Amino acid sequence: MSDILIVDDEKDIRELISDILKDEGYVTRVAANSEDCMAEINRTQPGLMILDIWLKDSQMDGIDILKTVKRDNPDVPIVIISGHGNIEIAVAAIKQGAYDFIEKPFNIDQLMVVVGRAMETSRLRRENTELRRNDAGPSEMIGSSAVFKTMRSNLEKVTRSNGRVMLSGPAGSGKEVAARFIHAHSHRAGQPFVTVACASIEPERMEDVLFGKESADRAVEPGLLEQAHGGIIYFDEVADMPMATQSKILRVLVDQQFLRVGGIDKVRVDLRVLASTSRDLRAEIAAGRFREELYHRLNVVPIAVPSLEERREDIPELAQYFLEQLHATQGLPLRPLSEEAQALLQTMIWRGNVRQLKNVMERILILGPDSGPIDVRELPSSDPSPTDGERVVLSAGLATLPLREARELFEREYLMTQINRFGGNISRTATFVGMERSALHRKLKSLNVVTTSKTGARVARVEEDADADMPNE
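Described below are features of the structure shown in this document. Remember, it's a predicted structure, so these values are computed and weren't measured experimentally. (Residues numbered from 1 in each chain as written. Predicted model: local features only at pLDDT ≥ 70, side-chain atom pairs only at ≥ 80, totals over all residues. Heavy atoms only, no water.)

Section: the overall build of the protein chain
Across its full length, the protein chain holds 18 helices and 18 strands. In the protein chain, which comprises 473 residues, the proportion classed as buried is 47%. Counted over contacts in the protein chain with a minimum sequence separation of 6, partners at least 24 positions apart contribute 68%. For the protein chain, the computed accessible surface area is about 23500 Å², with 50% contributed by carbon and sulfur atoms. (Helix = DSSP H or I, 4+ residues; strand = E, 2+ residues; numbered from the N terminus. Buried < 20%, exposed > 50% of the residue type's maximum accessible area, 1.4 Å probe, protein only. Contact = heavy atoms within 4.5 Å. Areas by Shrake-Rupley, 256 points an atom, 1.4 Å probe, with all protein chains shown as cover.)

Structure, rendered in structure tokens:
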């Protein structure tokens, strides 16, 4: 994207411009008509175009080419040249998005100044785009639990295709991180990743935001679909998309083209579509709030993103990652977690999932001392009011029970908490609680505690039927 495409029907002119630019160190390509011009652009997007207004033996003149290129490749600066220049032509070209206008016969020094500025504009746009991509959000997946490894394996498989993926899971579980992981490891990694926050866009503005707008004088405001051209468009919480927009998005998925609001020319896009939801979309379909055909188009590869409860083993690793990330990005103190704090984090209730865990780590670093390990006193209290991390509180009725029944209830809840903390692994639980594994098995059997699979994770519960699995080793 650092070369210059010269489009002029006069061979002497295009070769003269090409030779001058080559002498200045630029790489050039040439085209004699609109057909050759569009073929060159479709082959590789240039860093700059020098375009003649009047082209003989062409299906499109310079203004038509300008409109088409600025529609499909808006980042390409275009310098218009013409031997029939007048103020009306110059104004029309600038309105359609031309970078500048030069009359023939042109002054070489003037041409070089304009080309230099236009190429610098092109370079800055590329750098800004790259910076936005790099700063868009984390794509690193953190965890080592069985349920996490299953999810990551599924994500790695879909990176190799262009298939549409539906990510489902509770709010805050990391669905956008999973989507960015797919993007970062796909062949579109160098292209845009654009998020459509369906829940936060006002319904009456949704189509303007997605499809863009054209005004009466053909001024263009690109939408998110256009901005994502060549890369990935991610529909976050797609169940919140208005029904009227759903039908239009369905058509985009089929045709890979659309009309801007107020426009008459179709815009072609090359997109991979990812979507996420924290709702049951089948229930939304039954309630008439989501189009079934769109669901089937988006749900080609469904992948479940587990809640933090289902991957408690990963909590210490995730917490430490957030502490290091907050130190690197915000300059907050770098402090380790004490073993007691790690253990307590694994027993807390995390209704906000991974996002909530990150918020708690940030708060601790902001409000806590500048050095030393983070201990249990810095973690959120067991007040029944908090919305951050709540500790698991044993049954309030313990004090009203006889000692034997209270002890049995305490042991059941305590052991279930520890089993869940270690992802259903009985060996690790036995080591932590200080029991022989066989003794722990006997104790769990006497308490009617078993573990069952829940979306790949092992969860302890009180046995209610004869089909329950025995705790795994």
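Details of the sheet that holds strand β14 (residues 301–304)
The five strands lie next to each other as β7-β10-β13-β6-β14, forming an open sheet whose pairing is parallel. Unpaired on one side and paired on the other, β7 (193–197) and β14 mark the two borders of the sheet. For this sheet the average axis-to-axis angle between neighbouring strands, irrespective of direction, equals 20°. Where strand β6 (residues 165–168) and strand β13 (residues 272–277) come together, four bridges link them in parallel fashion. From the neighbouring strand, S168 faces β13, where its bridge partner is T277. (Pairing = 2+ DSSP bridges. Axes fitted to C-alpha atoms, helices over the stretch in contact; angles between N-to-C directions.)

Some details on the side chain of R188
For R188, the position within the fold is in the loop between α7 (175–184) and β7. Under the relative-accessibility criterion, R188 is labelled buried at 5%. Reaching out from R188, the side chain makes a polar contact with the side chain of N162 at a distance of 3.1 Å. Other than its neighbours up to four places away in sequence, R188 contacts N162, H183, G230, G231, I232, D270, L271 and R272. (Polar contact = N/O pair within 3.5 Å; in protein donor to acceptor, adjacent residues only side chain to side chain.)

Details of the nonpolar core
L225, I233, F235, V238, I249 and L298 are the most contacted members of the largest nonpolar core, which has 33 residues in total. Where this core is concerned, the elements lending two or more residues are β7, α8 (206–211), α9 (224–227), β10 (232–236), α10 (243–255), β13, α11 (281–286) and α12 (292–298). Apart from the residues lying within four places of it in its own chain, the contact partners of V238 are M166, C198, A275, S276, L281, F290 and L298. (Core = buried A, V, L, I, M, F, W, Y, C linked by side-chain atoms within 4.5 Å.)

Regarding the sheet that holds strand β3 (residues 48–52)
Spatial ordering of the open sheet is given by β2-β1-β3-β4-β5, a layout of five strands whose pairing is parallel. In the strand order of this sheet, the two ends are held by β2 (28–31) and β5 (100–103), each with one partner. For this sheet the average axis-to-axis angle between neighbouring strands, irrespective of direction, equals 20°. Where strand β1 (residues 4–7) and β3 come together, four bridges link them in parallel fashion. Opposite I4, over in β3, you have L48 as the bridge partner. In the packing of helix α1 (residues 11–23) onto the sheet, the strands contacted are β1, β2, β3 and β4 (78–82), and the crossing angle to β2 comes to about 175°.

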